[in-house]
2 protein chains.
Amino acid sequence: MYELRQRAEAAAVAVGQVLVAQGLTLATAESCTGGLIGHLVTQVSGSSGYYLGGIIAYANSVKEGLLGVSAQDLATHGAVSAPVALQMARGACAATGAEVGVAVTGIAGPLGGTATKPVGTVYIGLATPQGDEVLHRLWQSDREGNKWLTAAAALEFIIDLLSSERL
Amino acid sequence: MYELRQRAEAAAVAVGQVLVAQGLTLATAESCTGGLIGHLVTQVSGSSGYYLGGIIAYANSVKEGLLGVSAQDLATHGAVSAPVALQMARGACAATGAEVGVAVTGIAGPLGGTATKPVGTVYIGLATPQGDEVLHRLWQSDREGNKWLTAAAALEFIIDLLSSERL
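Here is what the cut-offs are and how they apply
- Residues numbered from 1 in each chain as written.
- Chains lettered and ligands numbered in written order.
- Predicted model: local features only at pLDDT ≥ 70, side-chain atom pairs only at ≥ 80, totals over all residues.
- Heavy atoms only, no water.
- Phe/Tyr/Trp six-rings, centres within 6.5 Å; stacked < 30°, edge-to-face > 60°.
- Helix = DSSP H or I, 4+ residues; strand = E, 2+ residues; numbered from the N terminus.
- Buried < 20%, exposed > 50% of the residue type's maximum accessible area, 1.4 Å probe, protein only.
- Pairing = 2+ DSSP bridges.
- Core = buried A, V, L, I, M, F, W, Y, C linked by side-chain atoms within 4.5 Å.
- Contact = heavy atoms within 4.5 Å.
- Axes fitted to C-alpha atoms, helices over the stretch in contact; angles between N-to-C directions.
- Parallel < 35°, antiparallel > 145°, perpendicular 65-115°, else oblique.
- Left-handed = near helix turned anticlockwise from the far one by under 90°.
- Nonpolar A, V, L, I, M, F, W, Y, C, P; charged D, E, K, R; others polar.
- Least-squares fit on C-alpha atoms with pLDDT ≥ 70 in both.
- Buried area = accessible area lost by both parts, 1.4 Å probe.
- Salt bridge = Lys/Arg side-chain N within 4 Å of Asp/Glu carboxyl O.
- Polar contact = N/O pair within 3.5 Å; in protein donor to acceptor, adjacent residues only side chain to side chain.

Draft legend 1. Up close: the packing of aromatic side chains. Across all of its chains, the model carries two aromatic pairs over all chains by this definition. Here the aromatic rings of Tyr51(A) and Tyr58(B) are separated by 5.6 Å at their centres, their planes lie at 55 degrees, and the arrangement is tilted. Placement of Tyr51(A) in strand 2 (residues 51-57) and of Tyr58(B) in the loop between strand 2 (51-57) and helix 3 (60-67) is noted, with the two residues assigned to different chains. Here the two residues Tyr51(A) and Tyr58(B) agree in accessibility, since each one is buried.

Spelled out as structure tokens, the structure:
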């Protein structure tokens, strides 16, 4: 866990540097991480310069009401799915006015896993001015480990996409 | 830090027990803690049964737009004040439909302190079906310590008020 924490904290610092360099603001939309990404981003002094805030959308009603996620997509694809992750990311931007939105939805465990979506299943959505992308991961850790792995991956996803020509 | 983390994690477990015992749901509104309270609450397996989610209101525009905090009170009292903490707590309930709302606003440091509101100044607001209360604290730690002290105090405030006859 110590190395994973260090990795996530370093990613949060790097995210700040990339956002400042590109003059962009960030918002978060978190389900399974429950606020951990926001906590990591705001560990960095000066983060109020680029982090506007976010929504912890633990209940589906909050995903719908505050992030504008489609009730039909929640029913059809489930809360832990690529379409919902993307809508959460876009919803974070719409709700806060940020240019970049990162969203995570997954099953941290130990409860909640199914045959098709086992514990550790995570989707990470990213909305940027250049376009949107979604990432799928399947972690093999416990609840705390899965949350930290998701947070680190989400922060690294921001760095990757904003630093690349992929979009 | 280790003992403080243990204390905060234990408080998150106890908050869950009190909420389940009383059949209440919880929402969070976090400024200076940036999501740490939500992270701690969702470290507890089964927290989706009572935690609906919350708003990380780092920018004042998010305090106004998503939590309904009065722009005039932000200008008159400042973001770090008792009226704003209370409005954030009530706003968390209104935005999510939760019965209990806990909110924190403060200056984690090292930047942002003033003569009247030094680094470590924190207001914790709590909205419950029985009424609302606000707590003022002045921590003497660094940024990380001030965030963890605030999160632990906010969780313990929920336990205190819901377990007492004070309201």
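Draft legend 2. Expanded view of unusual backbone geometry. A cis amide bond links Gly109(A) with the next residue in sequence, Pro110(A), at an omega value of 0 degrees. By secondary structure assignment, the location of Pro110(A) is in the loop between strand 3 (100-106) and strand 4 (121-128).

Draft legend 3. A look at the pairing of strand 3 of chain A. All names here are of chain A. Of all the seven residues making up strand 3, seven are buried; the element is thus mostly covered by neighbouring parts of the structure. One ladder, built from five bridges, connects strand 1 (residues 26-30) with strand 3; its direction is parallel. Bridging across to strand 3, alanine 29 finds its partner in alanine 103. Direction of pairing for strand 3 relative to strand 4: antiparallel, over a ladder of six bridges. From the neighbouring strand, glycine 101 faces strand 4, where its bridge partner is alanine 127.

Draft legend 4. Region of interest: the nonpolar core. Leu26(A), Ile124(A), Leu155(A), Leu26(B), Ile124(B) and Leu155(B) are the most contacted members of the largest nonpolar core, which has 78 residues in total. When near neighbours in sequence (up to four residues on either side) are disregarded, Leu26(A) contacts Val15(A), Leu19(A), Val41(A), Tyr50(A), Tyr51(A), Leu52(A), Gly53(A), Ala98(A), Val100(A), Val102(A) and Ile158(A). Membership of the second largest hydrophobic core comes to 40 residues, among which are Leu66(A), Leu74(A), Val84(A) and Ile55(B).

Draft legend 5. Representation of the packing of helix 3 (residues 60-67) of chain A against helix 5 (residues 82-96) of chain A in the model. All names here are of chain A. Orientation of helix 3 relative to helix 5, taken along the N-to-C sense of each, is 45 degrees, at an axis distance of 9 Å. Here helix 3 lies oblique to helix 5, going by the angle between them. Note that helix 3 runs across helix 5; the crossing there is left-handed. Across the interface between the two elements, Lys63, Leu66 and Leu67 of helix 3 pack against Val84, Gln87, Met88, Gly91, Ala92 and Ala95 of helix 5. Considered class by class, the residues forming the contact of helix 3 with helix 5 number six nonpolar, two polar and one charged.

Draft legend 6. Quick look at the relation of the copies chain A and chain B. Each copy of the sequence occupies a distinct position, and chain A is placed on chain B by a rotation of 180 degrees and an axial shift of 0.0 Å, giving an RMSD of 0.0 Å. The transformation just described matches what one would write down for a two-fold rotation axis. Both copies share a contact surface, since 100% of the interface residues of chain A are interface residues in chain B too.

Draft legend 7. Fine view of the interface of chain A and chain B. Counting residues at the interface gives 35 residues for chain A and 35 residues for chain B. Taken together, the two surfaces of chain A and chain B that pack against each other cover about 2,600 Å², and 54% of this comes from carbon and sulfur. Linking chain A with chain B are zero salt bridges, by the criterion used here. Linking chain A with chain B are 22 residue pairs in polar contact (both at pLDDT 80 or more).

Draft legend 8. Summary view of the pattern of salt bridges. Residue and element names in this part refer to chain A. As enumerated under the stated definition, the model contains six salt bridges over all chains in all. Residue arginine 5 is joined to glutamate 144 by a salt bridge in which the shortest nitrogen-to-oxygen separation is 3.0 Å. In this pair, arginine 5 is assigned in helix 1 (residues 2-22) and glutamate 144 in helix 6 (residues 143-163), connecting sequence segments 139 residues apart. For arginine 5, a relative accessible area of 18% gives the class buried. One salt bridge in this structure joins arginine 90 and aspartate 132, with 2.5 Å as the shortest N-O distance. With arginine 90 in helix 5 and aspartate 132 in strand 5 (residues 131-138), this residue pair connects regions lying 42 residues apart in the sequence. Overall, the relative accessible area of 32% leaves aspartate 132 in the partly exposed class.

Draft legend 9. Looking closely at the side chain of Thr105(B). Residue and element names in this part refer to chain B. Here threonine 105 is to be found in strand 3 (residues 100-106). You can call threonine 105 buried: its relative accessible area is 0%. A polar side-chain atom of threonine 105 sits 2.8 Å from the main-chain carbonyl oxygen of alanine 79.

Draft legend 10. Spotlight on the environment of Val119(A). Along the polypeptide, Val119(A) turns up in the loop between strand 3 and strand 4. Between the C-alpha atoms of Val119(A) and Ser47(A), which are 72 residues apart in sequence, the distance is 32 Å.

Draft legend 11. Layout of the packing of helix 1 of chain A against helix 6 of chain A. Residue and element names in this part refer to chain A. Between helix 1 and helix 6, whose axes approach to 9 Å, the crossing angle comes to 30 degrees. With respect to each other, helix 1 and helix 6 are oriented roughly parallel. Crossing geometry of helix 1 relative to helix 6 is assigned as left-handed. Where helix 1 abuts helix 6, its residues Leu4, Arg5, Arg7, Ala8, Ala11, Ala12, Ala14, Val15, Val18, Leu19 and Gln22 lie against Glu144, Gly145, Trp148, Leu149, Ala152, Ala153, Leu155, Glu156, Ile158, Ile159, Leu162 and Ser163. For the contact of helix 1 with helix 6, a count of residues per class yields 16 nonpolar, three polar and four charged.

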